[in-house]
Number of protein chains: 2
Amino acid sequence: MALIVQKYGGTSVGSVERIKNVAQRVLATRQGGHDVVVVVSAMAGETNRLVSLAQQIAEMPDERERDVLLASGEQASTALLALAIKDLGQPARSFLGHQIRIETDSAYGKARIKSIDSSRILQVLKDGEIVVVAGFQGVDEADNITTLGRGGSDTSAVAVAAALNASVCEIYTDVDGVYTTDPGICPGARKLSRISYEEMIEMASLGAKVLQIRSVELAMKFNVPVHVRSSFTDTEGTWLVEEDQSMDSLLVSAVTCDRDEAKITLVKVPDRPGLAAQVFTPIAEANIVVDMIIQNASADGTTDLTFTVPKADYKKAISLVEKTAPAIQAEGIRVDPKISKVSIVGVGMRTHAGVAAKMFEVLAREGINIEMISTSEIKISVVINEKYTELAVRVLHEALIERQGNL
Amino acid sequence: MALIVQKYGGTSVGSVERIKNVAQRVLATRQGGHDVVVVVSAMAGETNRLVSLAQQIAEMPDERERDVLLASGEQASTALLALAIKDLGQPARSFLGHQIRIETDSAYGKARIKSIDSSRILQVLKDGEIVVVAGFQGVDEADNITTLGRGGSDTSAVAVAAALNASVCEIYTDVDGVYTTDPGICPGARKLSRISYEEMIEMASLGAKVLQIRSVELAMKFNVPVHVRSSFTDTEGTWLVEEDQSMDSLLVSAVTCDRDEAKITLVKVPDRPGLAAQVFTPIAEANIVVDMIIQNASADGTTDLTFTVPKADYKKAISLVEKTAPAIQAEGIRVDPKISKVSIVGVGMRTHAGVAAKMFEVLAREGINIEMISTSEIKISVVINEKYTELAVRVLHEALIERQGNL
């Protein structure tokens, strides 16, 4: 008898029928002799409906109240799932963030979980009941309601699993696992049976939208086995586990792409110490996350400074840079929102040279110009013209995953 | 500078535009130099939407989870109003039931407030902020979410006003006050400028749907002045206050009617001690509230026992009575759902005789047969055939209120 945490996303609880379907699944797990804790997102569309209400009220809604508003979505779906499970004759009990004290910091809209009081959950499980926990929400030290950001229910689920030392955290979603790349772009994409936490973190930060990145970091930190799978089938999905020897044999695990960034270049800036700080401090203060940064000094003592920011923050970033430009004597500003970041990820890269060269060669063969490059131990990202996104993903997937033996 | 509690019902916050309108009102009160605490219902239609979702999930939804579900409606409207007030540049802060510990008993769906922790509200008021409190909801001792039943936000508002010792509790609704009778039935109906708590309690229990009866009981207990008024106009509404001398001059304050009851008669029951207990114990155990009871012994040693129950519980009551009937040797059961209860209410009745006689005379003149009579110190109710409801209300209003001098 194991303790299993299951998380169901908005699509999985998107209608009365689907909620009943989830209740059946939960019951089946329980009847398999396991203790079950279920973490639920808001019904599909509900969060967007609430966001839209907030925006009709105020152009820049107050963050504290916005979180109170958004948390009501998970409150409703959690109650509905508990109702559905009880209607099948199985005792169940819902808990909101404040009831099991999912304590977070006070960063409204993107709060981080600090602790969970597992005692009440454990007592209810001991009484033979199924526990249904509202995802996405918590309370800060002063009992203010907080939310964890888009995809936050994944993080709730992993945190609950970690707090309870659960055997597995099953993430039920509308896809049946993690793929080597987007099957909509590349017909050769295939489901990974296992992937390491680190690879998954890279993938999440590179545009693969399966899991909230924070949830994977938590899973890695507390070594929680995560099983990503579909709520519509019984097929085995993808397991997120610790890296092991056998993974080395896969040189590249996945190809991802991200069209949500834009590129800004400060042209011909006189190169001197402190330049980068002058440019990036105001941007950081505006809470804009800069992703890639490239600086290339030329012989004439000037340098081009290029960086990428989320498209959503693009205009705000430009207006900040326009203020900085005169002070640092930049010759001009070049902007390009029509870019995309294509990346390859794989723990195998740690021990194999030549992957980067192969990647550049494959892209060159197709005449795709590389505008920026960024690497880590287990990934290589390139920024290219947006229009080549699908082509680049396809040729990289073919060359580096489908024909991996030929490398 | 006074402390004013304002309660806005579902219609008053039924749309984004109306929420903004309420925010303006709240701000105007604040700018008048007052501290303001606002209590909010769910947006009109929202509670019904949630009830319907629950019923699609389960025919008999679990009460604990149903309350968690329903409470989400007030959570959303409370956050939206706080957003709207802040958007006008006025600091504001929302509180849910658990955040200011509106502690209730554990009677899900009809919980009663036991205490409120006013310290946090007072602190926020002291900081110059407006406090927005979610109506209708609380938590029990074990932190389970509870709701107070239909109209429960009125009770939340009065309880908050009592806890804060507020100068007034303003109940904003879609009518502009308490009327002598339903203006839809009787063109001569007029708004009362003042009414005593006790009269209002009688009216609420007699079918006038302006306020939840529990809220008036609370207001009376803690002597909270309540001002019932419209959120769409600035007109003065009706004040609920302690009874005073001047009220005596009004013999009858209001005429009400209630079509939500049904009548059940046990025919020719051998009259003996313990009969009533045998009949009503199973009905009470089924949580059915019996309103009027009449028993008339005849010379032959049998008696007819007649009583009324809410129409919603009518069929359940009949099936219980059918089980009891053989044991008490009743000759038969007669049932009549097509009845209505018409009542006159007024503290002046305490000191004046002849009001009942006048009432019966007025009805007799119209050929309206009286099937049951029930009286208290300040009200007289009669049960009549449902089809005469409007007629009875009109003639009673004319005779006892419009031409009161002629009595």
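Residues numbered from 1 in each chain as written. Chains lettered and ligands numbered in written order. Predicted model: local features only at pLDDT ≥ 70, side-chain atom pairs only at ≥ 80, totals over all residues.

Our focus in this paragraph is the relation of the copies chain B and chain A. Take chain B, turn it by 179°, move it 0.0 Å along the axis, and it overlays chain A with an RMSD of 0.2 Å. Classification of the inter-copy transformation places it as that of a two-fold axis. Of the C-alpha atoms belonging to chain B, the one lying closest to the rotation axis is found on S72 of chain B, 2.4 Å away. When the interface residues of chain B are mapped onto chain A, 100% of them again lie at the interface, so the same face is used by both copies. (Least-squares fit on C-alpha atoms with pLDDT ≥ 70 in both. Contact = placed C-beta atoms within 7 Å.)

Attention shifts here to the nonpolar core. In this structure, V38, L81 and V160 of chain A together with V38, L81 and V160 of chain B are the most contacted members of the largest nonpolar core, which totals 242 residues. Excluding residues that lie within four positions of it along the chain, V160 of chain B makes contacts with V5, V37, V39, I116 and V133 of chain B. (Core = buried A, V, L, I, M, F, W, Y, C linked by C-beta atoms within 7 Å. Buried ≥ 20, exposed ≤ 12 C-beta atoms within 10 Å, placed from the backbone.)

Take the interface of chain B and chain A next. At the junction of the two partners, chain B supplies 30 residues and chain A supplies 30 residues. Elements represented by at least two residues in the side of chain B that touches chain A include exactly helix 1 (16-31), helix 2 (46-57) and helix 3 (63-87) of chain B. With 15 residues, the single largest contributor to the side of chain B that touches chain A is helix 3 of chain B. For the side of chain B that touches chain A, the class distribution of residues is 16 nonpolar, seven polar and seven charged. (Helix = DSSP H or I, 4+ residues; strand = E, 2+ residues; numbered from the N terminus. Nonpolar A, V, L, I, M, F, W, Y, C, P; charged D, E, K, R; others polar.)

At a minimum axis separation of 8 Å, helix 3 (residues 63-87) of chain A and helix 3 of chain B run at an interaxial angle of 170°. Relative to helix 3 of chain B, the element helix 3 of chain A lies roughly antiparallel. Residues that form the contact of helix 3 of chain A with helix 3 of chain B fall into these classes: 14 nonpolar, six polar and six charged. (Axes fitted to C-alpha atoms, helices over the stretch in contact; angles between N-to-C directions. Parallel < 35°, antiparallel > 145°, perpendicular 65-115°, else oblique.)

So, about the packing of helix 2 (residues 46-57) of chain A against helix 3 of chain B. One way to put it is that helix 2 of chain A packs onto helix 3 of chain B with a least axis distance of 9 Å and a crossing angle of 30°. Viewed along their axes, helix 2 of chain A and helix 3 of chain B adopt a mutual orientation that is roughly parallel. Between helix 2 of chain A and helix 3 of chain B lies a crossing of right-handed hand. The segment helix 2 of chain A lies against helix 3 of chain B, with L50, L53, A54 and I57 of chain A engaging A76, L80, L83, A84 and D87 of chain B. For the contact of helix 2 of chain A with helix 3 of chain B, the class distribution of residues is eight nonpolar, no polar and one charged. (Left-handed = near helix turned anticlockwise from the far one by under 90°.)

The next subject is unusual backbone geometry. Despite not being glycine, N223 of chain A shows a phi value in the positive range, around 55°. By the C-beta count within 10 Å, which is 10 here, N223 of chain A ends up exposed. The phi torsion at F136 of chain B lies on the positive side, around 75°, for a residue other than glycine. Turning to its location among the elements, F136 of chain B is positioned in the loop between strand 6 (130-134) and strand 7 (137-139). Of the residues examined, F136 of chain B has 33 C-beta atoms within 10 Å and is grouped as buried.

The subject of this paragraph is helix 6 (residues 197-205) of chain A. Residues and elements named next belong to chain A. Most of helix 6 sits inside the fold, with eight of its nine residues counted as buried. The set of residues buried in helix 6 consists of Y197, E198, E199, M200, I201, E202, M203 and A204. Directly after helix 6, the chain includes G207, whose backbone phi takes a positive value near 115°.

Residues and elements named next belong to chain B. The strand order 15-16-14-17 describes an open sheet built from four strands, whose pairing is antiparallel. The two strands at the open ends of the sheet, each matched to only one other strand, are strand 15 (293-297) and strand 17 (332-336). Pairwise comparison of adjacent strand axes, ignoring direction, gives a mean angle of 15° for this sheet. By the bridge criterion, eight bridges tie strand 14 (residues 261-270) to strand 16 (residues 302-310) in an arrangement that is antiparallel. The residue of strand 16 that forms the bridge with P270 is T302. Packed on one face of the sheet, helix 9 (residues 314-324) meets strand 14, strand 16 and strand 17 and runs near 10° to strand 14. (Pairing = 2+ DSSP bridges.)

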